[in-house]
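Inside the fold
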Amino acid sequence: ADIVRRAIAADPGRMWTVGNLAEELRTSARTLQRRLKAERNSVAKLLVVTRLNAASAMLGTTDATLAEIGYACGFSDQSHFTREFKKHTGATPSTFRSEFAA
């Protein structure tokens with residue numbers, strides 16, 4: 001899972017799939033899925049968590065708009081970004097920024 005997280009974090013805006021992640025890690029898609037399942041994880045979970053971590057960092061350190069941050073982190077639009085962010089953190093991106101910005 002750590003290797004997958006690092007790959008995603010290097011380019012969170014990329015349209016990652018199981019196939020291209022497996023290719024990047026030089027393994028088969030099925031082997032990647034089995035290994036993640038053994039760790040009670042999945043590509044989908046790792047994508048969301050890693051992208052939200054990248055977004056949190058950007059919210060605290062840049063003055064980029066929410067739409068720009070969402071796009072840079074691989075979310076289809078600002079409302080998708082806001083929904084996922086709030087679902088996982090309990091706060092909207094703008095609230096998070098105003099409370100935790102450096």
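Anything mentioned here points back to the structure above.
These lines cover the structure that appears in this document, whether it is placed above or below. (Residues numbered from 1 in each chain as written. Predicted model: local features only at pLDDT ≥ 70, side-chain atom pairs only at ≥ 80, totals over all residues. Heavy atoms only, no water.)

In this description, an aromatic ring pair is defined by two values, namely the gap between the centres and the angle between the planes. Under the definition given, this model contains four aromatic pairs. The interplanar angle of 40 degrees and the centroid separation of 5.4 Å between the aromatic rings of Phe-75 and Phe-81 together place this pair among those described as tilted. When the centroid spacing of 4.9 Å and the interplanar angle of 45 degrees are considered together, the rings of Phe-96 and Phe-100 count as tilted. Of the two residues, Phe-96 and Phe-100 are both situated in helix 7 (residues 93-100); the distance of four residues between them amounts to about one turn of the helix. Owing to a relative accessible area of 17%, Phe-96 belongs among the buried residues under this scheme. Here the aromatic residues Phe-75, Phe-81, Phe-85, Phe-96 and Phe-100 are joined through ring pairs into a cluster of three or more. Over the ring of Trp-16 we find Arg-14, and its NZ or CZ is 4.1 Å from the ring centre. (Phe/Tyr/Trp six-rings, centres within 6.5 Å; stacked < 30°, edge-to-face > 60°. Helix = DSSP H or I, 4+ residues; strand = E, 2+ residues; numbered from the N terminus. Buried < 20%, exposed > 50% of the residue type's maximum accessible area, 1.4 Å probe, protein only. Lys NZ or Arg CZ within 6 Å of the ring centre and 35° of its normal.)

What follows covers unusual backbone geometry. Even without being a glycine, Arg-26 presents a positive backbone phi close to 55 degrees. Positionally, Arg-26 belongs in the loop between helix 2 (18-24) and helix 3 (29-38). The phi torsion at Arg-40 lies on the positive side, around 55 degrees, for a residue other than glycine. Judged by its relative accessible area of 74%, Arg-40 falls in the exposed class.

A few words now on the side chain of Asn-41. Looking at the element boundaries, Asn-41 is found in the loop between helix 3 and helix 4 (43-61). Using a relative accessible area of 18% as the deciding quantity, one classes Asn-41 as buried. Ignoring any residue separated from it by four or fewer positions in sequence, one finds Asn-41 in contact with Ala-1, Arg-5, Leu-36 and Leu-46. (Contact = heavy atoms within 4.5 Å.)

Looking now at the environment of Gly-70. You can see Gly-70 is positioned in helix 5 (residues 66-72). Residue classification places Gly-70 among the buried residues on the basis of a relative accessible area of 0%. Residues Gly-70 and Leu-52, spaced 18 residues apart in sequence, show a C-alpha to C-alpha distance of 9.0 Å.

A few words on a positive patch on the surface. Judged by side-chain charge, Arg-30, Arg-34, Arg-35 and Lys-37 come together as a positively charged surface patch. The topology assignment puts Arg-35 in helix 3. (Patch = residues over 30% accessible without salt bridge, like charges linked within 9 Å, V, L, I, M, F, W, Y side chains within 5 Å. Areas by Shrake-Rupley, 256 points an atom, 1.4 Å probe, with all protein chains shown as cover. Salt bridge = Lys/Arg side-chain N within 4 Å of Asp/Glu carboxyl O. Lys, Arg positive; Asp, Glu negative; His and termini not counted. Charge placed at Lys NZ, Arg CZ, Asp CG, Glu CD.)

Turning our eyes to something else, we now look at helix 6 (residues 78-89). With twelve residues, helix 6 extends 16 Å from end C-alpha to end C-alpha; this agrees with the ideal 16 Å at 1.5 Å per step. Inspection of helix 6 places Phe-81, Glu-84 and Phe-85 among the buried residues, and these make up the whole buried set. Along the long axis of helix 6, the arc covered by the buried residues comes to 100 degrees, so they all point the same way. Facing away from the buried surface of helix 6 by more than 90 degrees, the exposed residues are Arg-83 and Lys-87. Those residues of helix 6 that are buried lie in contact with helix 4, helix 5 and helix 7. (Expected span 1.5 Å × (residues − 1). Arc of directions from axis to C-beta.)

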